[in-house]
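Given next are the chains, with one letter for each unit.
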Amino acid sequence: MAERRVEGNESLYDHAGGEEALHRLEELFYTKALADPVLRAVFPRRQPHHVDHLTWFTAESFGGPDRFSRELGFRHLIDVHRNLKITDEQRERFAALYLESLREAGLPDDERFLGAVRSHIEFGTRVAQQNSHAASEDELHPLREVPHWQWPEAPDRSL
Ligand code: HEM
């Protein structure tokens, strides 16, 4: 679904196509993760709420409804990643499969949107990885709430 222009201050959530499009993306991604030889160690079986919860998280971070914070809370996200001991290879595969799924789910593929999703997934996977190794509260990543992701800055044409 290329060629969608960014309208005014449209949210990333609306640009993505809202809840339905994000759910399609997360379902495709989770199916790939479950079948992946590198990720199998951390995703041994399908968890019934994973896709919904991942959808709520992404929706909220992209400027949509705040259902993740209201119903689950950020602490839940910290807790589910604790002790997973995510390796660099797993983190990188997670990000690569996510970006692959974005294309296959037919979400917009304009450069600004792709840039926002790339930086979101890069940041999120690093937070999850750090928290997965934290032996104490002090070693957790300092993030304590769902971030509000923004469009990448437009290049400064005056330079
Ligand atoms: C942007 C990065 C990430 C986000 C937003 C994210 C988000 C989530 C969410 C919403 C859940 C669902 C919890 C529930 O069911 O209530 C979850 C669970 C989980 N995540 Fe992540 N995660 C990220 C990165 C990672 C990475 C890099 C890995 C490992 C390579 C990972 C492994 C897991 C596992 C194993 C679970 C629990 C089991 C399951 O639900 O399948 N996550 N994550």
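Residues numbered from 1 in each chain as written. Predicted model: local features only at pLDDT ≥ 70, side-chain atom pairs only at ≥ 80, totals over all residues.

### Quick word on the packing of helix H2 (residues 18-35) against helix H3 (residues 50-61)
- Relative orientation of the contacting elements H2 and H3 amounts to 130°, with a least axis distance of 9 Å. Put simply, H2 runs oblique to H3. Judged by the twist between their axes, the crossing of H2 over H3 is right-handed. Between H2, through Glu-19, Leu-22, His-23, Glu-26, Glu-27 and Tyr-30, and H3, the contact on the second element is made entirely by His-50, Val-51, Leu-54, Thr-55, Thr-58 and Ala-59.
- Taken together, the residues that form the contact of H2 with H3 break down as five nonpolar, four polar and three charged. (Axes fitted to C-alpha atoms, helices over the stretch in contact; angles between N-to-C directions. Helix = DSSP H or I, 4+ residues; strand = E, 2+ residues; numbered from the N terminus. Parallel < 35°, antiparallel > 145°, perpendicular 65-115°, else oblique. Left-handed = near helix turned anticlockwise from the far one by under 90°. Contact = placed C-beta atoms within 7 Å. Nonpolar A, V, L, I, M, F, W, Y, C, P; charged D, E, K, R; others polar.)

### Looking at the UniProt feature "binding site: heme" (unreviewed entry) in the protein
- With numbering matched to this structure, UniProt assigns "binding site: heme" (unreviewed entry) to His-53.
- Along the polypeptide, His-53 turns up in helix H3.
- Under the C-beta neighbour-count criterion, His-53 is labelled partly exposed, with 19 such atoms within 10 Å. (UniProt positions renumbered as here; feature names shortened; annotations may be inferred. Buried ≥ 20, exposed ≤ 12 C-beta atoms within 10 Å, placed from the backbone.)

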